[in-house]
Amino acid sequence: MDVNTIAWLILLLPLASAAVILLGTKKSAGISALISTGSVIATLVLSFLLLAQPDTAAAKPLQWLSLGDFEVTIGLKLDSLAQGMMIIVTGIGTLVHVFSLGYMHDDAGKARFFAGLSQFMFSMTGIVLADNFAMMFIFWELVGVSSYILIGHWYDKDSAADAAKKAFLVNRIGDFGFMIGILLVWVLTGSIYFDEIAKAIGGVQNANLLNAAVLLVFCGAVGKSAQLPLHVWLPDAMEGPTPVSALIHAATMVAAGVYMLARVSFLVGAAEMAADTIAIIGGATALLAALMATQQNDIKRVLAYSTLSQLGYMIMAQGLHDGSDAGMFHLYTHAWFKALLFLGSGAVIFACHHEQDIWKMGGLRQKMPITFWTFLIGTAALIAVPGTSGFWSKEAILEAAWHDHNYLVWGLGIAVAFLTPFYMTRLFVVAFLGKPRTKDADHAHEVSPIMWVPLAILAVMAVISAYITGPLEAKGHVAFHMSLTAILSLAGLVVGVLAGWKLYAGCDRDPVNIKLFANKFYLDELYLGIVRLFQDFVGMTFDAVDRYLIEPITVRLPALAAMSSGYVLRLLQVGNLQAYGFLFGLGAVVLIWLIVF
Amino acid sequence: MTLVEFIVFAPLLAVLAILFGSPARATAIVAAVANLAAAGLMTLRFPVEVESKGQVIFASSRNLLASPNLNLAFGLDGISLVLVILTVLVTLAAVWASPAEGRIKGNVKLYYSSSLLIASGALGAFCATDLFFFYAFHELALIPTFLMIGIFGSGENRKRTAWTITIFLGVGSLILLAGLIALLVETGGKSFAFADLYAVGDKIPADAQKNIYLILLIGFGILVSLFPFHSWAPPAYAQAPTPVAMLHAGVLKKFGLYGLIRVAMPLLPEGAAHWQTLLLVLLLGNILILGLVTIAQRRLDTLLGYSSVMHMGYVFLGIASGNTIGLHGAVLLMFAHGISIALLFALAGAVRERMGTLDMDELGGGLAKKAPALGLLFGFAAFASIGLPGFANFAAEVMVFFGSFQPILETKKLGALQWAGILSLWGVVISAVYMLRAYRKIFKGPLTDKDAKAGIADLTLTERAPALLLIVALMAVGFVPGLLLKYLTPTLEAIAMSLKG
């Protein structure tokens, strides 16, 4: 197969799968699930074939819009960054599809679910392979809608329907900035194509406008990768089925913001002020989300806040000099172990009859040994135990911050290195160790192979992924230097785990109670207030102005004036619209006649 | 008889047939299908390379009066062609949708005849190459619009609403008439033909251009519900019977925009440049102020009415930018918006037929459980209307925004047009808020009032047909915008050139 065929098949197979399910097989859930799973396995194989391509590879573009000089194509960029990302997307995609065959087996909306997954795979692939901003924006919006559909899979639940809407709207706010940013980059460099922008960026004179442009492009990442202040949608997105959380809201889609910044790292590098802001926002998100994670009781929400925190690391890296590669490295390792943790939590939730409160679990070590061990490995990678993949990539980011002399950001990162082991130990101790605290937990038993085999594969990857980076080799590799950073992060690991163990081992309820963290710094409430103000107050004010001021002036006044002239008055007395219409037409003819001739 | 004459008069013939006893619904559908076929044929035969402005295809002319030289003249340029395609698609969907509505109020003949008259009037206005008939056909379409709202409308106030829109659009039409007459006086008044007007149009003095353009902007603006002349639209659409809401909001309202692009801008380029800032301010009123008003709506029908008014702001933004990209965006958005709003009104009509109300609090939630197909199609329509990629609306809006930034590619300094573009982009968030909120409230969440909703049936296959027709059209153009853009380019490039001076 030549490169064009491979690349276009990777993009279009999932779309075909979604279309076939929607238009044909949606009545038979089993077949739909197999079609969707088959398509993702095929794209995984094709993605491996893609690895043979050189870094400069690209597939023949397809024209979408063309108006003179202004041209938007769907062009596929197949460099090593895209190749590596495709392995992540299709690899985890495959495992999540297989896991879902078990997890969603009895779901009434199974066909719809798999169609949604396929649509997501299509959209995500589009972001990864995009060679220009407009195409990236197109697929950016499309993953937004796939996420909306999948979060709202159980749409007859109020919480799920609300969470889906919230996710879409918060992302739209980010995309508002993203689009302005794209327009400004276009104005500054004369192009929307990444390669051409890279060539033209050196000649850009207007530093202020460039900083503004990069910050606005970054807005897109703030939305999609759930950074402060637009992070509020991601925890709510856990209303979606757990495989969705693993694939979309942990491993791939939420990493799209990081990937996008890595894709245009030359742009970020050219805008000093914007880059610093990006690093600080990433660092602040990492810290605040970690604090929030320490007080959550829903197993998926703890993981969601930890995802926010880790995404903060990756975004932070994108704003550092020479940090972009470390950020991509962490994206790669994190994708595996976070997907593992989410699918593991899915297995627990499945076994405990959809119980998600960790205080109602406990004692799962004996009941679910495979889930227990794989979850432990995932936790080890997340809290950066030396030797696991998570250790290497996190070190790379913190070292990059140190070498950039960006000590504020470095400090934020180190603080997170103390918090992550703490809240993960809390989660692990409470959910898996001790005695079962409820009947559901007591009756739990190990999930079927179709669910635990993906867990096992992911557990292997959680350890070794850092050693087999493949096309991402240039982005990061296993390397250790004894340094202040290394000492502090190892100290964080030890202190965090010990503190978590000491506080939570054997507890039946949370001994710590920090309302500020548990209530997520009250940011949701603040935003709700702002939304209320706009939606209800400003909207209704304008509505009243429209109804009682503009309408009377523009409708009633002319009507009154018209009625006071006898000509229309007589028509009104005829009371017949047809007569009016006829006379109106006649009048028009006569009027033109009189005036023109 | 040319294809264009056929397409304009076929609905009128169908009206005659209905008056003489032909079954109303079947006749209307046959006429609409015939028109769709004719439009398809015209599209296939339409040459892509039209040389200069004023050149039209399938031209025909029948002299009605020797002096003054009045001709029933038709012909198509690229813009007309796109609007004709829009009209025939929406017409078919409109006469197909909601068969029950006409039956309930009796007088099925009037119900379908009026719809066909509106279609014929709109087609005549879009195809006329003569100023007199350009104006007269639009008036022809307005009369049945008023009638239908008064007779078949829903709600207590339908008579009052019918009068409001009659007087309001009547005043708008008169202002427009005054502007057109002034235009004729300035061009010598010898001929109504577009071609003759274009030929002498360059010579209109700058002052006269400014004055006349303002009059035309207000006249056309009232017809398009440009802020603050919009108050007639939301109640009218809310109370209009389904096919009228579809045809007026979807098709007939585009007459004002068409007039600005086809008549006002090429003949009065200096006027267009002079009033650009005013237009920018007003269109921001449409997008931001009326966008927020849309959010405040509690009823789906007024919400759709306001949203339709709001989206006109983007078309005006494309017109205000005046360059090739922006104008393409504007015309494509006229098409996309026309289809998507017609689709939304058709589906809202189906909801009203089932539930007896469109008040979102009374509707409760969870309708998608009882009517999954209706829910799915409404979802498509909602996402089309908020400009999701894959639908024509997205392609059009993207072009409008790129068009608003195109003028500063050289200077790289933000001006009024770019700031208007940035502020308008916020409207993309606003429209997502109100559409998803409505979708969530009506279709999602747990099923409320289970007993009351027990008898609710999903859309039948016949009922799905018009919605599918419109969705396929939106997606075809959304995936391949070039399908329509290629016809527009020659005409719009010429207009953009004339605006540059």
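Quantities reported herein were computed from a predicted structural model and do not represent experimental measurements.

Notes on the overall build of chain A
(1) Moving on: Looking only at helices and strands, chain A features 26 helices and two strands.
(2) Moving on: With the C-alpha coordinates aligned to their principal axes, the bounding extent of chain A is approximately 95 × 60 × 50 Å.
(3) Moving on: The burial tally for chain A puts 61% of its 597 residues in the buried class.
(4) Moving on: Relative to all contacts within chain A whose residues are 6 or more apart in sequence, the contacts with residues 24 or more apart total 81%.
(5) Moving on: By element, 67% of the accessible surface of chain A is carried by carbon and sulfur atoms, the whole surface being about 21500 Å².
(6) Moving on: Averaging the coordinates of the 33 positive side-chain charges in chain A and doing the same for the 39 negative ones gives two points 8 Å apart.

Some words on the overall build of chain B
(1) Moving on: From N to C terminus, chain B includes 23 helices and two strands.
(2) Moving on: Here the C-alpha atoms of chain B give a radius of gyration of 22 Å, agreeing with the 23 Å that 2.2 N^0.38 yields for 501 residues.
(3) Moving on: On the principal axes, the C-alpha backbone points of chain B span a range of 70 × 60 × 40 Å.
(4) Moving on: Buried residues in chain B amount to 68% of all 501 residues.
(5) Moving on: Pairs at least 24 residues apart make up 82% of the contacts formed inside chain B by residues separated by at least 6 positions.
(6) Moving on: Accessible surface, chain B: about 14800 Å² in total, of which carbon and sulfur atoms supply 65%.
(7) Moving on: Charge centroids of chain B, computed over 33 positive and 25 negative side chains, lie 7 Å from each other.

A look at the environment of B:I151
All names here are of chain B.
(1) Moving on: As for its position among the elements, I151 is in helix α6 (residues 131-152).
(2) Moving on: Look at I151 and you get partly exposed, because its relative accessible area is 36%.
(3) Moving on: A C-alpha to C-alpha distance of 9.8 Å links I151 and N107, two positions 44 residues apart in sequence.

A closer look at the nonpolar core
(1) Moving on: Core analysis: the biggest nonpolar cluster contains 414 residues, and A:F133, A:F168, A:Y259 and B:F402 have the highest contact counts within it.
(2) Moving on: Considering every element that reaches this core, the biggest residue donor is helix α16 (residues 324-355) of chain B, with 20 residues.
(3) Moving on: Counting five residues, the second-largest nonpolar core is a separate cluster that includes A:F329, A:F391, A:W392 and A:A466.

Observations regarding the interface of chain B and chain A
(1) Moving on: On the chain A side, the residues contacting the 82 residues of chain B number 66 residues.
(2) Moving on: Interface area for chain B against chain A, summed over the two sides, is near 6900 Å², with a carbon-plus-sulfur share of 80%.
(3) Moving on: The tally of links between chain B and chain A comes to three salt bridges.
(4) Moving on: Linking B:R440 and A:D162 is a salt bridge whose minimum nitrogen-to-oxygen distance equals 2.6 Å.
(5) Moving on: The tally of links from chain B across to chain A stands at ten residue pairs in polar contact (both at pLDDT 80 or more).
(6) Moving on: For the side of chain B that touches chain A, a count of residues per class yields 58 nonpolar, 16 polar and eight charged.

Things to note about the pattern of salt bridges
Residues and elements named next belong to chain B.
(1) Moving on: Considering all chains together, one arrives at 19 salt bridges over all chains under this definition.
(2) Moving on: E5 is the salt-bridge partner of R62, the closest N and O atoms lying 2.6 Å from each other. One end of the pair, R62, is in strand β1 (residues 57-65); the other, E5, is in helix α1 (residues 3-19), and 57 residues separate them in sequence.
(3) Moving on: Here E5 falls in the buried class, since its relative accessible area comes to 3%.

Notes on the layout of surface pockets
(1) Moving on: Considering only enclosed or pocket space, the second largest pocket measures out at about 1300 Å³ in volume.
(2) Moving on: Around the second largest pocket, the lining is made up of 39 residues, and of these A:L169, A:Y527, A:L528, A:V531 and A:Q535 lie nearest the centre.
(3) Moving on: Looking at the lining of the second largest pocket, the elements that each hand over two or more residues are α6 (158-189), α8 (207-224) and α24 (523-564) of chain A together with α14 (276-295) and α21 (416-443) of chain B.
(4) Moving on: When residues of the lining of the second largest pocket are assigned to their parent elements, the largest contribution, ten residues, is made by α24(A).

A word on the confidence of the model for chain A
(1) Moving on: This prediction gives chain A a mean pLDDT of 88; 93% of its residues lie at or above 70.
(2) Moving on: For residues 571-575 of chain A, every residue scores under 50 in pLDDT, and the model assigns this stretch six contacts once sequence neighbours within four places are set aside.

Side note on empty space enclosed by the protein
(1) Moving on: One pass over the structure, following the stated rule, counts ten cavities of 30 Å³ or more.
(2) Moving on: There is about 140 Å³ of room inside the largest cavity.
(3) Moving on: A:F137, B:F394, B:E397, B:L425 and B:V428 are the residues nearest the centre of the largest cavity, which is lined by 15 residues in total.
(4) Moving on: Listed by contribution, the elements that provide at least two residues to the lining of the largest cavity are α5 (133-151) and α6 of chain A together with α20 (392-405) and α21 of chain B.
(5) Moving on: In the lining of the largest cavity, the residues fall into ten nonpolar, one polar and four charged.

What about α16(B)?
Residues and elements named next belong to chain B.
(1) Moving on: Its 32 residues give α16 an end-to-end C-alpha distance of 46 Å, which sits within 8% of 46 Å, the value for a rise of 1.5 Å per residue.
(2) Moving on: Of all 32 residues that make up α16, 29 are buried, and the element is covered over most of its length.
(3) Moving on: With its phi angle positive at about 75°, G356 sits one or two positions after the end of α16.

Here we look at the environment of B:N157
(1) Moving on: By secondary structure assignment, the location of B:N157 is in the loop between α6 and α7 (158-186).
(2) Moving on: Distance in space between the C-alpha atoms of B:N157 and B:Q239 is 8.2 Å, their sequence separation being 82 residues.

Side note on a nonpolar patch on the surface
Residue and element names in this part refer to chain A.
(1) Moving on: On the surface, M1, L9, I41, V45 and L49 cluster together into a nonpolar patch covering about 440 Å² of accessible area.
(2) Moving on: Sort the elements by how many residues they give to the nonpolar patch and helix α2 (residues 29-50) lands first, with three residues.
(3) Moving on: Position of I41 relative to the elements: it lies in helix α2.

Things to note about unusual backbone geometry
(1) Moving on: With an omega of 0°, the peptide bond running from A:L228 to A:P229 counts as cis.
(2) Moving on: Counting through the fold element by element, A:P229 comes out in the loop between α8 and α9 (233-236).
(3) Moving on: Residues B:F227 and B:P228 are joined by a peptide bond in cis, for which omega reads 0°.
(4) Moving on: With respect to the secondary-structure elements, B:P228 resides in the loop between α9 (206-224) and α10 (233-239).
(5) Moving on: Positive phi is not limited to glycine here, since B:S225 has a value of about 60°.
(6) Moving on: Using a relative accessible area of 0% as the deciding quantity, one classes B:S225 as buried.

With respect to the packing of helix α3 (residues 80-103) of chain A against helix α11 (residues 256-263) of chain A
Residues and elements named next belong to chain A.
(1) Moving on: Orientation of α3 relative to α11, taken along the N-to-C sense of each, is 165°, at an axis distance of 11 Å. Here α3 is positioned roughly antiparallel relative to α11, judged by the angle of their axes. As for the relative orientation of α3 and α11, their crossing is right-handed in sense. Residues L81, A82 and M85 of α3 lie in contact with α11, whose contacting residues are Y259, A262 and R263.
(2) Moving on: Class assignment for the residues of the contact of α3 with α11 results in five nonpolar, no polar and one charged.

So, the packing of aromatic side chains
(1) Moving on: Under the counting rule described, the total for this entry stands at 54 aromatic pairs over all chains.
(2) Moving on: With a centroid separation of 5.4 Å and 90° between ring planes, the pair formed by A:F113 and A:F114 is classed as edge-to-face. Exposure class is identical for A:F113 and A:F114. Each is buried.
(3) Moving on: On the basis of an interplanar angle of 45° and a centroid distance of 6.3 Å, the ring pair of B:F194 and B:Y198 is categorised as tilted. Separated by four residues within a single helix, B:F194 and B:Y198 lie in helix α8 (residues 194-201), roughly one turn from each other. Each of the two residues, B:F194 as well as B:Y198, counts as buried.
(4) Moving on: Directly above the aromatic system of A:Y155 lies the positively charged group of B:K444, at a separation of 4.8 Å from the ring centroid.

Quick look at the pairing of strand β2 (residues 70-77) of chain A
Residues and elements named next belong to chain A.
(1) Moving on: Taking burial as the measure, the eight residues of β2 include seven buried ones, the bulk of the element.
(2) Moving on: Relative to β2, strand β1 (residues 58-67) runs antiparallel, the two sharing seven bridges. By the bridge assignment, S66 is partnered in β2 with E71.

Some remarks on the environment of A:H481
Residues and elements named next belong to chain A.
(1) Moving on: You can see H481 is positioned in the loop between α21 (449-464) and α22 (484-504).
(2) Moving on: In this structure H481 comes out as exposed when scored by relative accessible area, which is 56%.
(3) Moving on: Once the C-alpha coordinates of H481 and E399 are considered, the two residues, 82 residues apart in sequence, prove to be 9.5 Å apart.
(4) Moving on: Beyond its immediate chain neighbours, meaning those up to four positions away, H481 contacts E399 and A486.

Quick look at α9(B)
Residues and elements named next belong to chain B.
(1) Moving on: The end-to-end C-alpha separation of α9 is 26 Å, in line with the 27 Å expected for 19 residues at 1.5 Å each.
(2) Moving on: Looking only at α9, the buried set comprises A208, Q209, I212, Y213, L216, L217, G219, F220, G221, I222, L223 and V224.
(3) Moving on: Looking at the buried side of α9, the elements it contacts are α6, α7, α12 (254-267), α13 (269-274), α14 and α15 (300-321).

Rules used in this analysis
- Residues numbered from 1 in each chain as written.
- Chains lettered and ligands numbered in written order.
- Predicted model: local features only at pLDDT ≥ 70, side-chain atom pairs only at ≥ 80, totals over all residues.
- Heavy atoms only, no water.
- Helix = DSSP H or I, 4+ residues; strand = E, 2+ residues; numbered from the N terminus.
- Buried < 20%, exposed > 50% of the residue type's maximum accessible area, 1.4 Å probe, protein only.
- Contact = heavy atoms within 4.5 Å.
- Areas by Shrake-Rupley, 256 points an atom, 1.4 Å probe, with all protein chains shown as cover.
- Lys, Arg positive; Asp, Glu negative; His and termini not counted.
- Charge placed at Lys NZ, Arg CZ, Asp CG, Glu CD.
- Rg over C-alpha atoms; globule rule 2.2 N^0.38 Å.
- Core = buried A, V, L, I, M, F, W, Y, C linked by side-chain atoms within 4.5 Å.
- Buried area = accessible area lost by both parts, 1.4 Å probe.
- Salt bridge = Lys/Arg side-chain N within 4 Å of Asp/Glu carboxyl O.
- Polar contact = N/O pair within 3.5 Å; in protein donor to acceptor, adjacent residues only side chain to side chain.
- Nonpolar A, V, L, I, M, F, W, Y, C, P; charged D, E, K, R; others polar.
- 1 Å grid on protein atoms, 1.4 Å probe; cavity = no way out; pocket = protein on both sides within 12 Å on 5 of 7 lines; lining within 4 Å.
- Points joined across faces, edges and corners; volume = space filled by probe spheres on them.
- pLDDT = per-residue confidence, 0-100.
- Expected span 1.5 Å × (residues − 1).
- Patch = residues over 30% accessible without salt bridge, like charges linked within 9 Å, V, L, I, M, F, W, Y side chains within 5 Å.
- Axes fitted to C-alpha atoms, helices over the stretch in contact; angles between N-to-C directions.
- Parallel < 35°, antiparallel > 145°, perpendicular 65-115°, else oblique.
- Left-handed = near helix turned anticlockwise from the far one by under 90°.
- Phe/Tyr/Trp six-rings, centres within 6.5 Å; stacked < 30°, edge-to-face > 60°.
- Lys NZ or Arg CZ within 6 Å of the ring centre and 35° of its normal.
- Pairing = 2+ DSSP bridges.

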